[in-house]
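Overview (structure and organization)
Listed below are the residues making up each chain.
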Amino acid sequence: MFTGIIEEVGTILSIRKQNPTTQLTISCSKILNDMSIGDSISVNGTCLTVTTYNDHSFSVDVILGTENKTYLGQLKVGDRVNLERALLATGRLGGHFVQGHVDGKGKILHIQKSANEWIYTIEAPQVIMAQMIQQGSIAVDGISLTVFEKHQSSFNIHLIPETRQATTLFQKKQGDAVHLETDMLFKYVQALNTNKKTLTIDDLLKAGF
(Lines give C-alpha, C1' and ligand atoms only; values in the text may rest on other atoms or scores of the structure.)
Protein backbone atom coordinates (compact mmCIF):
# COMPACT_ATOMS: atom_id res chain seq x y z
CA MET A 1 0.00 0.00 0.00
CA PHE A 2 1.26 3.49 -0.92
CA THR A 3 0.09 7.08 -0.50
CA GLY A 4 0.98 8.58 -3.87
CA ILE A 5 3.41 11.04 -2.26
CA ILE A 6 6.60 10.61 -4.29
CA GLU A 7 9.72 10.31 -2.13
CA GLU A 8 12.37 10.48 -4.81
CA VAL A 9 12.93 10.50 -8.56
CA GLY A 10 15.36 7.75 -9.59
CA THR A 11 17.18 6.99 -12.85
CA ILE A 12 17.15 3.75 -14.86
CA LEU A 13 20.74 2.43 -14.81
CA SER A 14 20.23 -0.78 -16.75
CA ILE A 15 17.55 -2.91 -18.38
CA ARG A 16 18.20 -6.63 -18.64
CA LYS A 17 15.84 -8.97 -20.49
CA GLN A 18 15.54 -12.30 -18.68
CA ASN A 19 12.63 -14.00 -20.42
CA PRO A 20 9.92 -14.02 -19.25
CA THR A 21 10.91 -11.12 -16.97
CA THR A 22 12.81 -7.87 -17.36
CA GLN A 23 15.19 -6.65 -14.66
CA LEU A 24 15.31 -2.89 -14.05
CA THR A 25 18.16 -1.44 -12.02
CA ILE A 26 17.41 2.02 -10.66
CA SER A 27 19.79 4.48 -9.05
CA CYS A 28 18.57 6.51 -6.08
CA SER A 29 19.67 7.54 -2.59
CA LYS A 30 16.91 8.45 -0.14
CA ILE A 31 14.81 5.29 -0.28
CA LEU A 32 17.85 3.00 0.11
CA ASN A 33 18.16 3.94 3.79
CA ASP A 34 16.05 1.09 5.16
CA MET A 35 15.63 -1.09 2.09
CA SER A 36 15.46 -4.89 2.29
CA ILE A 37 15.13 -7.63 -0.31
CA GLY A 38 11.45 -8.34 -0.80
CA ASP A 39 10.33 -4.77 -0.12
CA SER A 40 7.54 -3.31 -2.25
CA ILE A 41 8.49 -0.18 -4.19
CA SER A 42 6.21 1.90 -6.36
CA VAL A 43 7.98 2.65 -9.66
CA ASN A 44 5.91 5.15 -11.66
CA GLY A 45 2.87 3.86 -9.81
CA THR A 46 3.60 0.15 -10.37
CA CYS A 47 4.16 -2.00 -7.28
CA LEU A 48 7.38 -4.00 -7.80
CA THR A 49 9.53 -6.13 -5.48
CA VAL A 50 13.18 -5.44 -4.62
CA THR A 51 15.36 -8.38 -5.70
CA THR A 52 18.83 -6.90 -5.04
CA TYR A 53 20.24 -3.59 -3.83
CA ASN A 54 23.50 -1.85 -2.93
CA ASP A 55 24.63 1.58 -1.71
CA HIS A 56 23.48 3.43 -4.81
CA SER A 57 20.81 1.38 -6.60
CA PHE A 58 18.27 -1.43 -6.43
CA SER A 59 16.81 -3.92 -8.90
CA VAL A 60 13.28 -5.14 -9.55
CA ASP A 61 11.85 -7.74 -11.93
CA VAL A 62 8.95 -6.84 -14.22
CA ILE A 63 6.87 -9.83 -15.26
CA LEU A 64 5.35 -10.08 -18.74
CA GLY A 65 1.81 -9.42 -17.50
CA THR A 66 2.92 -6.15 -15.90
CA GLU A 67 4.84 -5.12 -19.03
CA ASN A 68 1.73 -5.67 -21.15
CA LYS A 69 -0.43 -3.48 -18.89
CA THR A 70 2.08 -0.66 -18.39
CA TYR A 71 4.69 1.25 -20.37
CA LEU A 72 7.57 -0.10 -18.25
CA GLY A 73 8.67 -2.13 -21.26
CA GLN A 74 9.27 1.11 -23.18
CA LEU A 75 11.56 2.65 -20.57
CA LYS A 76 15.15 3.37 -21.62
CA VAL A 77 18.44 3.67 -19.74
CA GLY A 78 18.61 7.20 -18.36
CA ASP A 79 14.84 7.62 -17.99
CA ARG A 80 13.64 9.08 -14.71
CA VAL A 81 11.02 7.31 -12.57
CA ASN A 82 8.90 8.21 -9.55
CA LEU A 83 9.75 6.16 -6.44
CA GLU A 84 7.84 5.55 -3.22
CA ARG A 85 8.32 3.01 -0.45
CA ALA A 86 5.35 1.13 0.98
CA LEU A 87 3.35 2.99 3.62
CA LEU A 88 4.29 2.45 7.26
CA ALA A 89 1.33 1.88 9.55
CA THR A 90 2.71 4.69 11.73
CA GLY A 91 3.17 7.14 8.86
CA ARG A 92 1.08 10.11 7.77
CA LEU A 93 -1.34 9.45 4.92
CA GLY A 94 -0.62 12.59 2.93
CA GLY A 95 -2.23 11.44 -0.33
CA HIS A 96 -4.75 8.60 -0.69
CA PHE A 97 -4.63 4.79 -0.59
CA VAL A 98 -2.69 3.66 -3.68
CA GLN A 99 -2.19 -0.06 -4.28
CA GLY A 100 0.37 0.18 -7.06
CA HIS A 101 -1.88 -1.95 -9.28
CA VAL A 102 -2.02 0.02 -12.52
CA ASP A 103 -5.52 -0.01 -14.03
CA GLY A 104 -4.40 1.18 -17.45
CA LYS A 105 -2.54 3.76 -19.46
CA GLY A 106 -3.58 7.30 -20.25
CA LYS A 107 -2.17 9.84 -22.71
CA ILE A 108 -1.34 13.49 -22.09
CA LEU A 109 -3.45 15.49 -24.56
CA HIS A 110 -2.52 19.01 -23.47
CA ILE A 111 -0.37 20.88 -20.97
CA GLN A 112 -1.25 24.45 -20.04
CA LYS A 113 0.68 26.78 -17.76
CA SER A 114 -1.10 29.48 -15.80
CA ALA A 115 0.14 31.97 -13.19
CA ASN A 116 0.90 29.49 -10.40
CA GLU A 117 -0.06 26.04 -11.68
CA TRP A 118 0.18 23.59 -14.56
CA ILE A 119 -2.96 21.98 -16.00
CA TYR A 120 -2.61 18.55 -17.62
CA THR A 121 -5.43 17.11 -19.72
CA ILE A 122 -5.19 13.31 -19.81
CA GLU A 123 -7.11 10.94 -22.06
CA ALA A 124 -8.20 7.70 -20.39
CA PRO A 125 -10.07 4.51 -21.37
CA GLN A 126 -13.79 4.50 -20.62
CA VAL A 127 -13.45 1.78 -17.97
CA ILE A 128 -11.15 4.12 -16.02
CA MET A 129 -13.30 7.20 -16.63
CA ALA A 130 -16.24 5.25 -15.15
CA GLN A 131 -14.29 4.84 -11.88
CA MET A 132 -13.58 8.54 -11.51
CA ILE A 133 -15.49 11.46 -10.04
CA GLN A 134 -14.78 15.17 -10.14
CA GLN A 135 -12.79 16.24 -7.04
CA GLY A 136 -11.98 12.57 -6.44
CA SER A 137 -8.51 11.01 -6.20
CA ILE A 138 -6.46 9.57 -9.05
CA ALA A 139 -2.90 8.22 -9.15
CA VAL A 140 -0.98 9.38 -12.24
CA ASP A 141 2.41 7.65 -12.57
CA GLY A 142 2.04 6.89 -8.86
CA ILE A 143 1.37 10.52 -7.87
CA SER A 144 -1.70 11.19 -5.73
CA LEU A 145 -3.67 13.90 -7.52
CA THR A 146 -7.19 15.35 -7.67
CA VAL A 147 -9.55 15.13 -10.65
CA PHE A 148 -10.40 18.79 -11.11
CA GLU A 149 -12.50 18.44 -14.26
CA LYS A 150 -13.93 15.26 -15.74
CA HIS A 151 -14.88 15.14 -19.43
CA GLN A 152 -16.31 12.37 -21.60
CA SER A 153 -12.97 10.69 -22.35
CA SER A 154 -10.43 12.81 -20.48
CA PHE A 155 -9.82 14.62 -17.21
CA ASN A 156 -7.78 17.54 -15.91
CA ILE A 157 -5.28 17.60 -13.06
CA HIS A 158 -3.77 20.80 -11.66
CA LEU A 159 -0.16 20.76 -10.44
CA ILE A 160 1.51 23.30 -8.21
CA PRO A 161 5.16 23.96 -9.21
CA GLU A 162 6.40 21.96 -6.19
CA THR A 163 4.64 18.76 -7.29
CA ARG A 164 5.71 19.14 -10.92
CA GLN A 165 9.36 19.73 -10.05
CA ALA A 166 9.50 16.85 -7.55
CA THR A 167 8.16 14.21 -9.97
CA THR A 168 8.64 12.96 -13.52
CA LEU A 169 5.70 15.07 -14.72
CA PHE A 170 8.30 17.83 -15.14
CA GLN A 171 9.64 15.88 -18.14
CA LYS A 172 6.36 14.64 -19.56
CA LYS A 173 5.09 16.23 -22.76
CA GLN A 174 2.02 16.12 -24.98
CA GLY A 175 1.46 12.60 -26.34
CA ASP A 176 3.35 10.85 -23.52
CA ALA A 177 1.82 7.85 -21.75
CA VAL A 178 1.06 7.80 -18.02
CA HIS A 179 0.03 5.04 -15.64
CA LEU A 180 -3.41 5.44 -14.09
CA GLU A 181 -4.85 3.89 -10.94
CA THR A 182 -8.31 4.91 -9.78
CA ASP A 183 -9.33 5.31 -6.15
CA MET A 184 -9.55 1.96 -4.37
CA LEU A 185 -12.52 3.08 -2.23
CA PHE A 186 -14.44 4.13 -5.35
CA LYS A 187 -13.91 0.66 -6.83
CA TYR A 188 -15.36 -1.03 -3.75
CA VAL A 189 -18.39 1.25 -3.69
CA GLN A 190 -18.91 0.66 -7.41
CA ALA A 191 -18.71 -3.10 -6.90
CA LEU A 192 -21.22 -2.96 -4.06
CA ASN A 193 -23.57 -0.89 -6.17
CA THR A 194 -23.52 -3.22 -9.17
CA ASN A 195 -27.04 -4.13 -10.23
CA LYS A 196 -28.48 -1.98 -7.43
CA LYS A 197 -30.34 1.28 -7.84
CA THR A 198 -29.18 2.66 -4.51
CA LEU A 199 -26.28 2.16 -2.10
CA THR A 200 -27.37 2.13 1.54
CA ILE A 201 -25.52 2.74 4.81
CA ASP A 202 -26.08 -0.95 5.62
CA ASP A 203 -24.24 -1.92 2.42
CA LEU A 204 -21.24 0.17 3.47
CA LEU A 205 -21.27 -1.16 7.04
CA LYS A 206 -21.38 -4.76 5.82
CA ALA A 207 -18.38 -4.02 3.57
CA GLY A 208 -16.40 -2.75 6.54
CA PHE A 209 -16.60 1.00 5.95
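Residues numbered from 1 in each chain as written. Predicted model: local features only at pLDDT ≥ 70, side-chain atom pairs only at ≥ 80, totals over all residues. Heavy atoms only, no water.

The name an unreviewed UniProt entry assigns to the chain is Riboflavin synthase, from the organism Staphylococcus agnetis. One UniProt comment on the chain, placed under Catalytic activity (unreviewed entry), says "2 6,7-dimethyl-8-(1-D-ribityl)lumazine + H(+) = 5-amino-6-(D-ribitylamino)uracil + riboflavin". (UniProt positions renumbered as here; feature names shortened; annotations may be inferred.)

Let us now look at the pairing of strand β5 (residues 57-63). Most of β5 is tucked away: five of the seven residues are buried. One ladder, built from seven bridges, connects strand β2 (residues 21-27) with β5; its direction is antiparallel. Bridge pairing in β5 links Leu-24 to Val-60. Sheet topology note: the strand β4 (residues 46-53)/β5 ladder contains three bridges and is antiparallel. The partner of Thr-52 across the bridge, within β5, is Ser-59. (Buried < 20%, exposed > 50% of the residue type's maximum accessible area, 1.4 Å probe, protein only. Helix = DSSP H or I, 4+ residues; strand = E, 2+ residues; numbered from the N terminus. Pairing = 2+ DSSP bridges.)

Looking now at the nonpolar core. Looking at soluble globular proteins, one finds that nonpolar side chains tend to be buried together. Core analysis: the biggest nonpolar cluster contains 20 residues, and Ile-122, Val-140 and Phe-155 have the highest contact counts within it. At the level of secondary structure, the elements contributing two or more residues to this core comprise β8 (118-123), α2 (126-129), β9 (137-140), β10 (143-146), β12 (154-159) and β13 (177-182). If we ignore the near neighbours within four places in the chain, the residues touching Ile-122 are Gly-106, Lys-107, Ile-108, Leu-109, Val-140, Ser-153, Ser-154, Phe-155, Ile-157, Val-178 and Leu-180. (Core = buried A, V, L, I, M, F, W, Y, C linked by side-chain atoms within 4.5 Å. Contact = heavy atoms within 4.5 Å.)

The next thing to look at is the pattern of salt bridges. The tally for this structure, following the rule as stated, stands at six salt bridges. The residue Glu-7 makes a salt bridge to Arg-85 at a minimum N-O spacing of 2.6 Å. With Glu-7 in the segment before β1 (8-18) and Arg-85 in strand β6 (residues 80-85), this pair connects stretches of sequence that are 78 residues apart. A salt bridge links Lys-76 to Asp-79; its shortest N-O distance comes to 3.7 Å. A residue is classified by how much of its surface remains accessible, and Asp-79, at 21% relative accessible area, is partly exposed. (Salt bridge = Lys/Arg side-chain N within 4 Å of Asp/Glu carboxyl O.)

Before going further, it helps to spend a moment on a nonpolar patch on the surface. A surface patch of nonpolar side chains, about 360 Å² in accessible area, is lined by Met-1, Phe-97, Leu-185 and Tyr-188. Of note, Phe-97 is situated in the loop between β6 and β7 (104-113). On the accessibility criterion, Phe-97 (33% relative accessible area) is partly exposed. (Patch = residues over 30% accessible without salt bridge, like charges linked within 9 Å, V, L, I, M, F, W, Y side chains within 5 Å. Areas by Shrake-Rupley, 256 points an atom, 1.4 Å probe, with all protein chains shown as cover.)

Spatially, β1-β2-β5-β4-β3-β6 is the arrangement adopted by the six strands of the closed barrel, whose pairing is antiparallel. Neighbour-to-neighbour, the strand axes of this sheet turn through a mean angle of 45°, independent of strand direction. Pairing between strand β3 (residues 40-43) and β6: three bridges, direction antiparallel. Considered in β6, the bridge of Val-43 is made with Leu-83. (Axes fitted to C-alpha atoms, helices over the stretch in contact; angles between N-to-C directions.)

Before going further, it helps to spend a moment on the sheet that holds β10. In space, the seven strands of this open sheet follow the order β10-β9-β13-β7-β8-β12-β11, with antiparallel pairing throughout. The open sheet has two edge strands with one neighbour each: β10 and β11 (149-150). Bridge count between β8 and β12: six bridges; the pairing is antiparallel. Paired with Trp-118 across the bridge in β12 is Leu-159.

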